[in-house]
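What follows is each chain in one-letter form.
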Amino acid sequence: MMLRGLRGATTANENTEEAILGATRELLTTMIETNGVRENEVASILFSSTSDLTAAFPARAARDLGWEKVAFMGTQELDVPHGLDRCIRVLIHWNTVKGITGLQHIYLHGAKVLRPDWTDGK
């Protein structure tokens, strides 16, 4: 097994607890199901959000999914001019036998503009 970084990003519709947790839950679920990630293979998960999302910690969505043993860290993205608003990013540090080209990084909703090469027009 190798430690791999599995990336994903999405946007929340508004700065509310429901919108932040719902968007993060959708992103995590898609990342996990698409790649076959299991909790016991995950070393840690890094969550970041833009400065306009303050109503909830995105990492709480993973706890709500039942992930109780994995280490989480949350941080705020740099407030860069012309950056994507209401954006949540996730980096899963995952022990897997998959090669780097076997990973399917997930970009949803408004975050598709960040990596159009990884969204396949979805």
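Refer to the preceding data block for the structure.
The present account deals with the structure reproduced in this document. If you're wondering where the values come from, they're calculated on a predicted model, not measured in any experiment.

## Examining the side chain of His-105
As for its placement among the helices and strands, His-105 is situated in the loop between β4 (87-96) and β5 (106-107). Apart from residues lying up to four places away in sequence, His-105 is in contact with Gly-5, Leu-6, Arg-7 and Trp-118.

## Brief notes about the packing of aromatic side chains
Under the counting rule described, the total for this entry stands at one aromatic pair. Both rings, one in Phe-47 and one in Phe-72, keep their centres 5.5 Å apart while their planes meet at 90 degrees; by these two values the pair is edge-to-face. Here Phe-47, found in strand β2 (residues 42-49), pairs with Phe-72, found in strand β3 (residues 71-76); they are 25 residues apart in sequence, far enough to count as distant. Given a relative accessible area of 19%, Phe-72 falls into the buried group.

## Description of the pattern of salt bridges
Inspection of the entire model under this criterion finds five salt bridges. In this structure, Asp-64 engages Arg-60 in a salt bridge whose closest nitrogen and oxygen atoms are separated by 3.7 Å. Here Asp-64 pairs with Arg-60, and both are found in helix α2 (residues 59-64), just four residues apart, close to one helical turn. For Asp-64, a relative accessible area of 43% gives the class partly exposed. Between Glu-77 and Arg-89 there is a salt bridge whose closest N-O contact spans 3.6 Å.

## Details of the sheet that holds β4
Judged by pairing direction, the sheet is mixed, and its five strands sit side by side in the order β3-β2-β4-β1-β5 without closing on themselves. Lying at the two open borders of the sheet, with one neighbouring strand each, are β3 and β5. Here β2 pairs with β4 via seven bridges, running antiparallel. Counted as the bridge partner of Ser-44 is His-93 from β4. Sheet strands touched by helix α1 (residues 17-35): β1 (2-11), β2, β4 and β5. Its angle to β4, the strand with the most contacts, is close to 30 degrees.

So, how was this worked out
One numbering rule holds for all chains: residues counted from 1, following each sequence as written. Local features in this predicted model are restricted to residues of pLDDT 70 or higher, and side-chain atom pairs are both shown and tallied only at a pLDDT of 80 or more, whereas totals for entire chains, interfaces and linings draw on every residue. Excluded from the side-chain calculation are hydrogens and water; included are all heavy atoms of the structure. Secondary structure is summarised from DSSP: a helix means a run of H or I of at least four residues, a strand means a run of E of at least two, and numbering begins at the N terminus for each. Residue contacts are defined here by distance: any two heavy atoms, one from each residue, within 4.5 Å place the two residues in contact. Stacked, edge-to-face and tilted are the three classes for Phe, Tyr and Trp ring pairs, Trp counted by its six-membered ring, which pair at centre distances within 6.5 Å; planes under 30 degrees apart are stacked, over 60 edge-to-face, the rest tilted. Exposure categories follow from relative accessible area, calculated using a 1.4 Å probe and restricted to protein chains: below 20% of the type maximum is buried, above 50% is exposed, and the middle band is partly exposed. A pair is scored as a salt bridge if a Lys or Arg side-chain nitrogen falls within 4 Å of a carboxyl oxygen belonging to Asp or Glu. By the convention used here, strands pair only if DSSP detects at least 2 bridges between them. Angular values range over 0 to 180 degrees, each being the angle between N-to-C directions of two axes fitted as lines to C-alpha atoms, with helices fitted over their stretch in contact.

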